[in-house]
Structure formats: structure tokens, C-alpha cells
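Per-entry structural report
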Amino acid sequence: MSSAPWLAPRVALSPQRERVLTVLSFLLPLFVWGIVSYVPFIWHPNIEITEPGSVSYFQEGMQIERASFQEEYDRQMEAGGELPQGVRANPVYLPAPHEVAIAFYTSFTTEPSRRSEQWLHESLWHSIQIIFWGFTLSSLIGVPLGILCGTFETISRLQEPFVEFFRYLPAPAFGALAVAILGIYDGPKIAIIFIGTFFQQVLVISNTTRKLDLALLEAALTLGATRLQLLFKVVIPGILPQLYKDQRILLGWAWTYLIVAELIGTSSGITWFITQQARYQNFENVFAAIMMIGIIGLLSDILLARLGKRLFPWEKSGNKS
Amino acid sequence: MSKLALPSYLDQSPEVKARFDELKRRDVILEVKNLGKVYDSAKGPVTALKDINFSVHRREFVTVIGPSGCGKSTLIRTLAGLESVSSGAVLLDGKPVTEPGPDRGMVFQGYTLFPWLTVKKNIMFGLRNQGVSSATAASEALEWISLVGLEKFADVYPDQLSGGMKQRVAIARALAAKPRILLMDEPFGALDAQTRSKMQAYLLEIWKNIDITILFITHDLDEAIYLADRILVLKANPGSVDEVIEVAVPRPRTVQQFLEPEFLAARQRLDQLIHPPSQDDEDDKLNMIRLTRVGDEVEPQQ
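Just so it is clear, the model here is predicted, and its values are computed rather than measured.

**Structural notes on empty space enclosed by the protein**
Residue and element names in this part refer to chain B. Taken as a whole, this structure holds 2 cavities of 30 Å³ or more when the rule is applied. What lines the largest cavity is simply Glu186, Pro187, Phe188, Gly189, Arg196, Ile217, Thr218, His219, Asp220 and Glu223. Class assignment for the residues of the lining of the largest cavity results in 3 nonpolar, 3 polar and 4 charged. If you add up the space inside the second largest cavity, you get close to 30 Å³.

The following block contains the structure:
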């Protein structure tokens, strides 16, 4: 009902309100960003010089702090020189929304400054491949191991204490070691993502497996299921929907390790693009690239969530995420 | 105390007596011998069951009742092989039971249908485990589905079924695996009164029509009498058999029989066994204070 209060504790929203609020959640930060960027008297700590006047070191397009500009301005006033002109501006590291929006397009068309360097789409594709291999390798071992740990106490006791210890070791700390063993190219990067994901994965999935209702296993036993049938016909299908959700969350973690991974050995991928563009002070490209990671992450998650609904039709339809 | 003069619960009409004599001549399906179960707890060993002896004959319907904490659930779980035996033995067709198996089907109180399988596939589960081909299992499952009256729901996931329907599927699933005995652990305990009474009628109907022996746990006295040939009454601390009652109510059973003398006699005996008058009653009394205002009396004054 549209007359329901907006702030009712733990009351579900109408789909219409949900949509409005979802859009707002993106619009609000954009609005704040817009205000800071376009309203000249809010923040804008610098002056961008439009007319250097007689100040020897001023150049057109250069940015300077407001206080320093005022000093030079006053000095020229006294000396009777030509007065410098300028407009208030935000620092270069905070580009306006429209600049970043344009950069979404231009960063793809900007030619790499050196021949050996990659276009943005190549960098992105490279990053996605690193994530894919790191995450796939981790899942190939981590998922079965997690399920076994959650099912058999013996395996759990044998593995989990060590895994529990290892997951506190920060993955980036293994960077140097990974380079020494795997060389400077993609090997160590995949290894970092693997280390960052794997140990969490074993624990999360063994936990999910343990949460499966024991009564289902007992029911299967009274229906004559063998141990192997119990594992493949009850445990695995029973945890599959939650396992899928866990994997989606873990994939998000893999992305957070990407940036560290790509700084190891020869820097590459989207991280390389970001550091490179920051070096050239093309901060709108930096923002665009960071947002691209967010968008790829969010889109792939939405896609996987949709796919999940198809894959697991028995899951309650009201069960979101 | 009772104005109505009830017959003794031991009195049996000639027909009922003849039926019991015939029943006792049948093969023993399940035999429990000096069964004991001791748990290890933090405070030391706890005896959950002690010296339990009884046997169940072919196509007999036995209900088990007792006060809370008497070990009803432990007993049935031990029979199913889900818990180990500490002493004594459980024999099925003369062979000792050591682990769960399809020869002892079980229906649990909680809903234990596999949520990822449709009704039909749930019922096929036991058959497929035994290596029955998919096509044969499917056609047998469909027969069971029509037996429990859920034809329209064959391809529906359990999530979409009501509690009563879920338990009907659970019964069909357990029976489809062709067990020698069906163990039921308060299967209707979570259902509302109306559905429960329907389910009881269903269960008697199924039991009448197929060759199955049933051991049924309940905490509902009427349910225990209504369904059973014999009632195994347990007592607590430690859980042991208090008395075995032969229900003198003739079959087929109907809900109308709830008010007949044989039924009431059995009911009275169960009451005596399960709620014995005790000195604790004084402590159990509610400490009520009248909270209505003076002059606000709604009930007529006597």
C-alpha cells in the first residue's frame, strides 16, 4: 500500500518503492559529487589560471592554491603589474562527473603512449583472465575440500586448523615468493588470487556444508543411501544453492586481490592502466577505470544471481540475493 | 470419580479377542531384547533406555507413548539404526540391526523431504538407491503418489506443499522403498488438529491396504488409542516399558469411537499411567490473582 510509512521497522517495501530507492542509492552520491564539482563556492580550494598576467611562473591552465594566488595578486596590485586572472577549481584528482563520463569513452580510444603498452580493453581483458584463472583454480580444489571438511569430521580436523592459521597470512606477503617461484608474468598474479581466495573458500564452504539439516542425511540413510550416495545425492544437491551464493561472495574477494596481484612482477591489466593514468595526471581516466571494475563486478553478480534463480528453481522465490 | 461406569480397559469383546489371538500367531517382524542405551554427558553417563523388551508382529500397528523425557525418540532412532545400541539387541526378522537401512522406513516429525527434488523424485529416491531403473522407479512413484492422493503435485517441489501434504509424501517415500516396518516419530506432531485427524484416517487407510507393520510414536493419548492395536507405554528415568495395553476398540476405527466405553476405558488407563497423581501438584498450581475490577463480574454469581 502506498500509504504505508517509509520507515516501518522490518516491513517489506513495495516493488515500486524498492526501485525508487535503488535508483536513489546511486543518485545520492552522484548528487553530492555534482554539488562539489559544479557549485563554485563549495570547496574548490584552487584557482585555475586563465590569464597569467605579470606573474612570472604562472601559466595558463595551471592550478594554484587560493591563498598563494591571492598573495601574487596582491603583489602585482602593489607593483602595478598586469593582474593575473583565474577561476576557482577543484584539484585535478577530483574530476567532475561529466569529465569522468566522457573518460568512459575516451579512455578506450586513447592510444597507448608506448608501442609495448596495451589499450584499455586489452588491460581489462587481461585482468578478467587473471581473476578467472585464479578463482577457477582455487575453486577446483577449495570447493571439494570444503565439502569434504563439512561432511567428514576426520578430514575437517586434518585440514581446518592449518587453513584457519593460513588464512591470517596476508596474501600480498607472498608476492616476492610467488615471483621467485613463478616468474614475473601472470603466474604470481594468479597465485596471489589463489592464496587470497582458497583458504577462505575452504572455511566458508565447509561451514555451509555443516549447516545442511542433519535430518535430511538421516532420512536418506533410512532410505538405503550408501555413504557415496549420501555425498553425491544429498550433501551436494542440498548445499548447492548456498554454495553458489558463497561462490559469488568469494568472487568479489578475488576482485579485491586483483589490484595487489597486478602490482606484482611486471605490472599489468587494469591496475597498470590506473597507475599509468595517475602518473600522467589523467584522473578522469583513473576514476573511469575504477568504476569499470565496480560495474563489471556488479553486472557479473547480477547476472549470476539471475542465473542462480534458473539453476535452483526449488529455492523460495521470496529469497533474494 | 466418573459418573459413567466404564468397563475395564482389559475387557475385550470376543471379536477383538479373536483378532488379538490371530495377531499373536503371526510372524514377529521386530523384536527388541533387553535394549539399553547409555549416553555420555558432561556430568557422566546418562541412562536413556533400560531393559526394553517387546515385539511387533506382522501388520500390527503399535503406538509408543510416554511422558516427555522417557526416551521415545531415542527408542525409535535406535530401532532405525540412527543411534547405536548400548546393551541388548534389536532384531528385524531375527537379524540384528546395526545401522540404518531401507528395511526400516522412517517418517520424521520435521519435514525431511529433499527440497531440490520434486514430489515424484523424492519418492523415487529409495528405489534409485537400490538400483531400480529410472523408468521403473518413476512408474512405481506415480502409483504411490496416487495412493496418497497427490497426482496433481507429482512435479511440484516440496516447498509448495502444505504440512499435511509433505507428510503424505514422506510416508509414500518411506513405503516406496518397501520396508519391513515403518517407523514413525511423531509424524503429525507439527500439524494442526484438523489436518492431523485427516492424516490419521489416511494412515489407517494405507495400513489397511498394504502389507506393512507400523511402530508409531506420539504424545497424543487419543492418537495413540485411535491408531493402535497395542500401546507401548514408557516411563521416564530411565526410559523403560511401563505397560503394554491391548486396545479393545474394534476395527475399522472411526472418529465416533472416541466416545465409546472401550475407548474411554483405554483413555482413562493411559491417563493414570502418564499423569499419575503426585505431591508436586501443589507446586504446579498457578498463583492467580483476580485482575478484574470490582463490579465488573461477567460470569454469573453462584
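**Some thoughts on unusual backbone geometry**
The step from asparagine 237 of chain B to proline 238 of chain B runs through a cis peptide bond, and the omega angle for that step is -15 degrees. When you line up the elements, proline 238 of chain B lands in the loop between β9 (230–235) and β10 (240–246). Residues arginine 251 of chain B and proline 252 of chain B are joined by a peptide bond in cis, for which omega reads -5 degrees. With respect to the helices and strands, proline 252 of chain B occurs in the loop between β10 and α8 (261–274). Even without being glycine, glutamine 281 of chain A reaches a positive phi, approximately 65 degrees. Checked against the element boundaries, glutamine 281 of chain A lands in the loop between α10 (269–279) and α11 (283–311). In this structure, lysine 178 of chain B is a non-glycine residue whose phi angle is positive, near 55 degrees. Relative to the helices and strands, lysine 178 of chain B resides in the loop between α5 (163–176) and β7 (181–185).

**Topic: the confidence of the model for chain A**
Considering every residue of chain A, the mean pLDDT works out to 90; 98% of them sit at 70 or more. Model confidence for chain A, summarised as mean pLDDT per element, is weakest for α10 of chain A at 89 and strongest for helix α8 (residues 214–222) of chain A at 95.

**Quick look at the sheet that holds β7 of chain B**
In any sheet, the strands associate via hydrogen bonds between backbone groups, in a parallel or an antiparallel arrangement. All names here are of chain B. Ordered by their spatial adjacency, 6 strands build an open sheet running β6-β7-β8-β3-β9-β10, and the pairing between neighbours is mixed. Each edge of the open sheet carries a strand with a single partner, namely β6 (104–107) and β10. Pairs of neighbouring strands in the sheet enclose a mean axial angle of 20 degrees, with direction left out of account. As paired elements, β6 and β7 share 4 bridges and run parallel to each other. From the neighbouring strand, methionine 106 faces β7, where its bridge partner is leucine 183.

**Points about the sheet that holds strand β3 (residues 85–89) of chain A**
Residues and elements named next belong to chain A. Across the sheet, which stays open at both edges, the 3 strands sit in the order β2-β1-β3 with antiparallel pairing between neighbours. Strands at the two margins of the open sheet, each flanked by one partner only, are β2 (63–65) and β3. Pairwise comparison of adjacent strand axes, ignoring direction, gives a mean angle of 40 degrees for this sheet. Across 5 bridges, strand β1 (residues 46–51) lies against β3 in antiparallel orientation. Of the residues in β3, the one forming a bridge with isoleucine 47 is arginine 88.

**Quick notes on the interface of chain A and chain B**
Facing the 18 residues of chain A at the interface are 24 residues of chain B. Per-residue buried area on chain A facing chain B is highest for Thr222, Leu223 and Trp314 of chain A; these three make up 38% of the total on that side. Counting every contact that joins chain A to chain B gives 1 salt bridge. Of the charged contacts, one joins arginine 77 of chain B and glutamate 218 of chain A as a salt bridge, the two residues approaching to 2.6 Å between their closest N and O atoms. Taken together, the links from chain A to chain B amount to 4 residue pairs in polar contact (both at pLDDT 80 or more). The dominant element in the side of chain A that touches chain B, judged by the number of residues it contributes, is α8 of chain A, at 7 residues.

**Points about the pattern of salt bridges**
Two side chains carrying opposite charge are able to pair once their charged atoms lie near each other. All names here are of chain A. This structure, assessed with the given rule, holds 24 salt bridges over all chains. For the salt bridge of arginine 75 with glutamate 71, the shortest nitrogen-to-oxygen distance reads 3.9 Å. Of this pair, arginine 75 and glutamate 71 both sit in helix α2 (residues 66–79), 4 residues apart, which is roughly one turn of that helix. Using a relative accessible area of 47% as the deciding quantity, one classes arginine 75 as partly exposed.

**A word on the side chain of glutamate 72 of chain A**
All names here are of chain A. Within the fold, glutamate 72 resides in helix α2. On the accessibility criterion, glutamate 72 (9% relative accessible area) is buried. In terms of polar contacts, glutamate 72 uses its side chain to reach the side chain of tyrosine 57, at 3.2 Å. Those residues within four positions of glutamate 72 in sequence are excluded, and the remaining contacts are Val55, Tyr57 and Phe58.

**Notes on the packing of α10 of chain A against α11 of chain A**
Residue and element names in this part refer to chain A. At a minimum axis distance of 8 Å, the contact between α10 and α11 shows a crossing angle of 160 degrees. As summarised for this structure, α10 and α11 are arranged roughly antiparallel, according to the angle between their axes. In the crossing of α10 with α11, the sense of the turn from one axis to the other is left-handed. Residues Ile270, Phe273, Ile274, Gln277 and Ala278 of α10 touch α11, and the partners they reach there are Phe283, Asn285, Val286, Ala289, Ile290 and Ile293. When its residues are assigned to classes, the contact of α10 with α11 shows 9 nonpolar, 2 polar and no charged.

**Description of the domain arrangement of chain A**
Along its sequence, chain A is carved into domain 1 (46–89) and domain 2 (120–311). Computed over C-alpha atoms only, the centres of domain 1 of chain A and domain 2 of chain A are separated by 53 Å.

**A look at the packing of aromatic side chains**
Residue and element names in this part refer to chain A. In the structure shown here, the tally under the stated rule is 21 aromatic pairs over all chains. Ring plane angle 85 degrees and centroid distance 5.1 Å describe the contact between tyrosine 57 and phenylalanine 58, whose orientation is recorded as edge-to-face. The exposure class of tyrosine 57 is partly exposed, given its relative accessible area of 40%. What makes phenylalanine 58 buried here is its relative accessible area of 4%.

Definitions and cut-offs
Numbering of residues begins from 1 in every chain and follows the order in which that chain's sequence is written. Chain labels run from A onward and ligand labels from 1 onward, assigned in the order the entries are written. Per-residue local features of the predicted model are confined to residues with pLDDT of at least 70, and side-chain atom pairs are confined, for both listing and counting, to 80 or more; whole-chain, interface and lining totals are unaffected and use all residues. Where side-chain values are given, they derive from all heavy atoms of the structure, hydrogens and water being excluded. Lining residues are defined by having an atom within 4 Å of a point belonging to a cavity or pocket. Those points lie on a 1 Å grid over the protein atoms alone, cavities being sets where a 1.4 Å probe fits but cannot get out and pockets being open sets with protein on both sides within 12 Å along at least five of seven lines. Grid points are joined across faces, edges and corners, and a volume is the space filled by probe spheres set on the points. Under the scheme applied here, ten amino acids are nonpolar (Ala, Val, Leu, Ile, Met, Phe, Trp, Tyr, Cys and Pro), four are charged (Asp, Glu, Lys and Arg), and all others, including Gly, are polar. Only DSSP runs of H or I covering at least 4 residues are called helices, and only runs of E covering at least 2 are called strands; the numbering of each starts at the N terminus. Scored between 0 and 100, pLDDT is the confidence that the predictor attaches to each residue. When DSSP finds at least two bridges between two strands, those strands are taken to pair. Note on geometry: axes are C-alpha line fits, over the in-contact stretch for helices, and angles between N-to-C directions span 0 to 180 degrees. Residues are treated as being in contact if the distance between any of their heavy atoms lies within 4.5 Å. By buried area we mean how much accessible surface two parts lose on assembly, using a 1.4 Å probe and totalling the loss over both. A side-chain nitrogen of Lys or Arg and a carboxyl oxygen of Asp or Glu constitute a salt bridge if their distance falls within 4 Å. Counted as a polar contact is a pair of N or O atoms within 3.5 Å, where, for protein atoms, one must be capable of donating a hydrogen and the other of accepting one, and residues adjacent in sequence contribute only when both atoms are in side chains. Under the scheme applied here, a residue whose accessible area is under 20% of the maximum for its type counts as buried, over 50% as exposed, and between as partly exposed, the area being computed with a 1.4 Å probe on protein chains only. For classification purposes, an angle smaller than 35 degrees is called roughly parallel, one larger than 145 roughly antiparallel, one from 65 to 115 roughly perpendicular, and anything else oblique. Crossing chirality is assigned from the near helix's rotation relative to the far helix, an anticlockwise turn below a right angle marking it left-handed and a clockwise turn marking it right-handed. Note: domain ranges come from an automatic or database domain assignment. For Phe, Tyr and Trp, rings pair up if their centres lie within 6.5 Å, where Trp contributes its six-membered ring, and each pair is then called stacked (planes under 30 degrees apart), edge-to-face (over 60) or tilted (otherwise).

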